[in-house]
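# Breakdown of the fold
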Amino acid sequence: MEDVQEQKYERIRRFLSVCDELVTGSFLLADSKISDALKCVAASRELTNLFSAVTDGYDYPAAKKALLKEGTGRGSARVGASLPAERQEILAFVFCLFVELDAGTLHLNDFLLRYFYVDGSYTASYTVFAERMIRPFRDIVRECFPECGKRGQMALQRKKREDALAEFTRTIPVERARIGGLALQEQEQRSAELLFSELTAAAGRRDIAELHALLAGYRYFLKFIGAESEESNALFALSERL
């Protein structure tokens, strides 16, 4: 279940990463990056649902007429395009724009010089387009999926560690009972009880460093008494997730 969840988040993070590349990248790579962004949407049910919802009933041709105005005047910078005021419409408009650019019915170079003209330069014009349209679009998508941002990833990692620690704590008594059922010498039995008591206490304190130190000792103890097993291997595997 966790793997499925992580794959879901990774597909969204990949889309956001491509958007980052569109914002900071060059005009020369923009067409391929827009195509990559749309492929990421197609690969993610969450992104597909988001853009299906915001474009449902959206009048893109009317929005283009209202928002895309050719720059006027004689200056080196003539930018006439603007974004909608509503966040949902920003998502819908830029997504539809990406689809049109990817389909080739709208060419990026013509689009840039018509609506984002800066010194007749595709590079400079693209920079303005990326800042004014793609960056807000990306930021809104990121806010729609906070779990995929840096804080969300940290929270997810914390939850994974907490889940692993809880499972590890539940496994200690099972391993303790297994070792208790072996024909050990009295000193070996006392050593095992001490190790398990300390492991349980360290897990209760969430002292991961001490847990790893104790498990290193327990690993040698198992080798000494010849009691390594699939159960003990599972305990060590769990510790690697802490």
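Computed from a prediction, not measured in an experiment: that's the story for all the values here. (Residues numbered from 1 in each chain as written. Predicted model: local features only at pLDDT ≥ 70, side-chain atom pairs only at ≥ 80, totals over all residues. Heavy atoms only, no water.)

### Focus: helix H4 (residues 60–67)
Among the residues making up H4, those that are buried are Tyr60, Ala63 and Leu67. Angular distribution of buried residues about the axis of H4 spans 55°; they occupy a single face of the element. For H4, the exposed residues set more than 90 degrees away from the buried face come down to Pro61 and Lys65. Those residues of H4 that are buried are in contact with helix H5 (87–103). Of the residues that open H4, the one with a side-chain oxygen 3.2 Å from the backbone nitrogen of alanine 62 is aspartate 59. (Buried < 20%, exposed > 50% of the residue type's maximum accessible area, 1.4 Å probe, protein only. Helix = DSSP H or I, 4+ residues; strand = E, 2+ residues; numbered from the N terminus. Arc of directions from axis to C-beta. Contact = heavy atoms within 4.5 Å. Polar contact = N/O pair within 3.5 Å; in protein donor to acceptor, adjacent residues only side chain to side chain.)

### A word on the environment of aspartate 139
Among the structural elements, aspartate 139 can be located in helix H7 (residues 122–144). Classification of aspartate 139 by relative accessible area gives partly exposed; the value is 27%. Aspartate 139 sits 31 residues away from leucine 108 along the chain, and the two C-alpha atoms are 22 Å apart.

### Comments concerning the environment of glutamate 70
Positionally, glutamate 70 belongs in the loop between H4 and strand S1 (77–79). Counting along the chain gives 88 residues from glutamate 70 to arginine 158, while the straight-line C-alpha distance between them is 50 Å. Leaving out residues up to four positions away in the same chain, glutamate 70 has contacts with Gly80, Arg114 and Tyr115.

### Brief notes about the side chain of serine 44
Within the secondary structure layout, serine 44 lies in the loop between helix H2 (27–43) and helix H3 (45–55). Accessibility expressed as a relative area gives 1% for serine 44, which makes it buried. Within polar-contact distance, the side chain of serine 44 engages the backbone nitrogen of leucine 47 at 3.1 Å. Those residues within four positions of serine 44 in sequence are excluded, and the remaining contacts are Arg11 and Ile12.

### Section: the nonpolar core
With 53 residues, the main nonpolar core has Phe15, Phe51, Phe93, Phe111, Phe129 and Phe137 as its most contacted residues. Looking at this core, the elements with two or more residues in it are helix H1 (2–24), H2, H3, H4, H5, helix H6 (108–115), strand S2 (116–118) and H7. If one sorts the elements of this core by residue count, H5 sits on top with ten residues. What phenylalanine 51 contacts, discounting residues up to four positions off in sequence, is Phe15, Val41, Leu91, Phe95, Phe137 and Val141. Judged by nonpolar contacts, the second largest core, of 23 residues, contains Leu165, Phe168, Ile179 and Leu195. (Core = buried A, V, L, I, M, F, W, Y, C linked by side-chain atoms within 4.5 Å.)

### Remarks on the confidence of the model for the protein
The share of residues in the protein with pLDDT of 70 or more is 92%, and the mean pLDDT across the chain is 89. H5 holds the highest mean pLDDT among the elements of the protein, 97, whereas S1 holds the lowest, 75. (pLDDT = per-residue confidence, 0-100.)

### Re the pattern of salt bridges
Enumeration over the complete set of coordinates arrives at 17 salt bridges. Residues arginine 206 and glutamate 162 are paired through a salt bridge, measuring 3.2 Å at the closest nitrogen-oxygen approach. One end of the pair, arginine 206, is in the loop between helix H9 (186–205) and helix H10 (208–225); the other, glutamate 162, is in helix H8 (residues 150–180), with 44 residues separating them in the sequence. One salt bridge connects glutamate 193 with arginine 176, and the closest N-O pair in it is separated by 2.9 Å. Highlighted residues: glutamate 193 in helix H9 and arginine 176 in helix H8, separated in sequence by 17 residues. Judged by its relative accessible area of 32%, glutamate 193 is partly exposed. Connected through salt bridges with shared partners, the residues Asp20, Arg138, Asp139 and Arg142 form a single ionic network. (Salt bridge = Lys/Arg side-chain N within 4 Å of Asp/Glu carboxyl O.)

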